[in-house]
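# Residue-level structural notes
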Amino acid sequence: GDFYGVPGQPISSPHDADERRARFIIAFRQLADTDEATFKNILAAIAPEFEALQEAYHEKTSLEAALKKREGKAGWSAYKRYVAASPSYAELLLDNYDHFQADALLAHDAGYEEAIQTAIQAFAETNPQNKQNLLVDALAKELFACHFLSDYFASGHIRTPRRALYNYGLQN
């Protein structure tokens, strides 16, 4: 979810649920249509954080301690890796409300509704291969939507009034 979307058009911003679903579909299609090279670049960009998480788990230490061992691979250098892997990442950060509190729930709900509608289409489908494809698509949409739900519970996302901070910056 962090690497996909339309800069300036967060999923959660429209008041209309159908427009939120349309924005979710665009973001999801970006993920689904990502070429293998870009996908590998994104995985390589996030690898140091993933390795630190695994180390913290296996060594029963803090994630902070595991990240400190990788000095120069977190923070600003991670941001630079992310932008290199996905040039739109920096633009998406400007209004990434979809990952914070009430907005995260709206983004998740848009994706959940889209996944349910796709599953309903699968139920009505008579061709076994089309049915399977639709069910896989529905599951993928739900998993993509779950990213926003997991962000809702992330400690840094709970405490950060993301939209309010942006609006405050606009006023000052």
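Above: the structure in question.
To continue, consider the packing of aromatic side chains. Considering all chains together, one arrives at nine aromatic pairs under this definition. Between Phe-3 and Tyr-82, the ring centres sit 5.6 Å apart and the planes meet at 80 degrees, which makes this aromatic pair edge-to-face. Here the residue Phe-3 occupies a position in the segment before α1 (17–32), and Tyr-82 occupies one in helix α4 (residues 76–85), the gap between them amounting to 79 residues. Judged on exposure class, the residue Phe-3 and its partner Tyr-82 are both buried. One aromatic cluster is present, formed by Phe-3, Tyr-79, Tyr-82 and Tyr-89 through successive ring pairs.

Glancing now at helix α6 (residues 101–124). With 24 residues, α6 extends 35 Å between its outermost C-alpha atoms, agreeing within 8% with the 34 Å of an ideal straight helix rising 1.5 Å per residue. Burial in α6 covers these residues: Asp-103, Ala-104, Ala-107, His-108, Ala-110, Gly-111, Glu-114, Ala-115, Thr-118 and Ala-122. Check the buried side of α6 and you find it contacts α1, α7 (128–153) and α9 (162–171).

Let us now look at a nonpolar patch on the surface. Taken together, the side chains of Phe-39, Leu-43 and Ile-46 make up a nonpolar region of the molecular surface, amounting to roughly 240 Å² of accessible area. Of note, Phe-39 is situated in helix α2 (residues 36–59).

Moving on, we get to the pattern of salt bridges. In total, this model carries 12 salt bridges according to the counting rule given. Notably, a salt bridge pairs Arg-163 with Asp-103, separated by 2.9 Å at the nearest N-O pair. Of this pair, Arg-163 sits in helix α9 while Asp-103 sits in helix α6, and the two are 60 residues apart along the sequence. For Arg-163, a relative accessible area of 28% gives the class partly exposed.

Turning next to a negative patch on the surface. On the surface, Asp-16, Asp-18, Asp-109 and Glu-113 cluster together into a patch of negative charge. Inspection of the secondary structure puts Asp-16 in the segment before α1.

Right, let's talk about the packing of α2 against α4 for a bit. Helix packing geometry: the angle between the two helix axes and the distance between the axes. Contact geometry for α2 and α4: axes closest at 8 Å, N-to-C directions at 170 degrees. Relative to α4, the element α2 is oriented roughly antiparallel. Judged by residue contacts, Thr-38, Asn-41, Ile-42, Ala-45, Ile-46, Pro-48 and Glu-49 of α2 engage Ala-78, Arg-81, Tyr-82 and Ala-85 from α4. In terms of residue class, the contact of α2 with α4 is built from seven nonpolar, two polar and two charged.

This part covers the side chain of Ser-86. Examined against the element boundaries, Ser-86 turns out to sit in the loop between α4 and α5 (89–93). By relative accessible area, Ser-86 is classed as buried at 7%. With residues up to four places along the chain from it excluded, the contact list for Ser-86 reads Phe-3 and Ile-42.

Here we come to the packing of α1 against α6. Direction vectors running N to C along α1 and α6 enclose 80 degrees, while the axes themselves pass 9 Å from each other. By the angle class used here, α1 and α6 are roughly perpendicular. The residues of α6 that touch α1, namely those facing Arg-20, Arg-21, Phe-24 and Ile-25, are Leu-106, Ala-107, Ala-110, Gly-111, Glu-113, Glu-114 and Gln-117.

How each quantity is defined
- Residues numbered from 1 in each chain as written.
- Predicted model: local features only at pLDDT ≥ 70, side-chain atom pairs only at ≥ 80, totals over all residues.
- Heavy atoms only, no water.
- Phe/Tyr/Trp six-rings, centres within 6.5 Å; stacked < 30°, edge-to-face > 60°.
- Helix = DSSP H or I, 4+ residues; strand = E, 2+ residues; numbered from the N terminus.
- Buried < 20%, exposed > 50% of the residue type's maximum accessible area, 1.4 Å probe, protein only.
- Expected span 1.5 Å × (residues − 1).
- Contact = heavy atoms within 4.5 Å.
- Patch = residues over 30% accessible without salt bridge, like charges linked within 9 Å, V, L, I, M, F, W, Y side chains within 5 Å.
- Areas by Shrake-Rupley, 256 points an atom, 1.4 Å probe, with all protein chains shown as cover.
- Salt bridge = Lys/Arg side-chain N within 4 Å of Asp/Glu carboxyl O.
- Lys, Arg positive; Asp, Glu negative; His and termini not counted.
- Charge placed at Lys NZ, Arg CZ, Asp CG, Glu CD.
- Axes fitted to C-alpha atoms, helices over the stretch in contact; angles between N-to-C directions.
- Parallel < 35°, antiparallel > 145°, perpendicular 65-115°, else oblique.
- Nonpolar A, V, L, I, M, F, W, Y, C, P; charged D, E, K, R; others polar.

As far as function goes, none of this settles anything; it's purely spatial.
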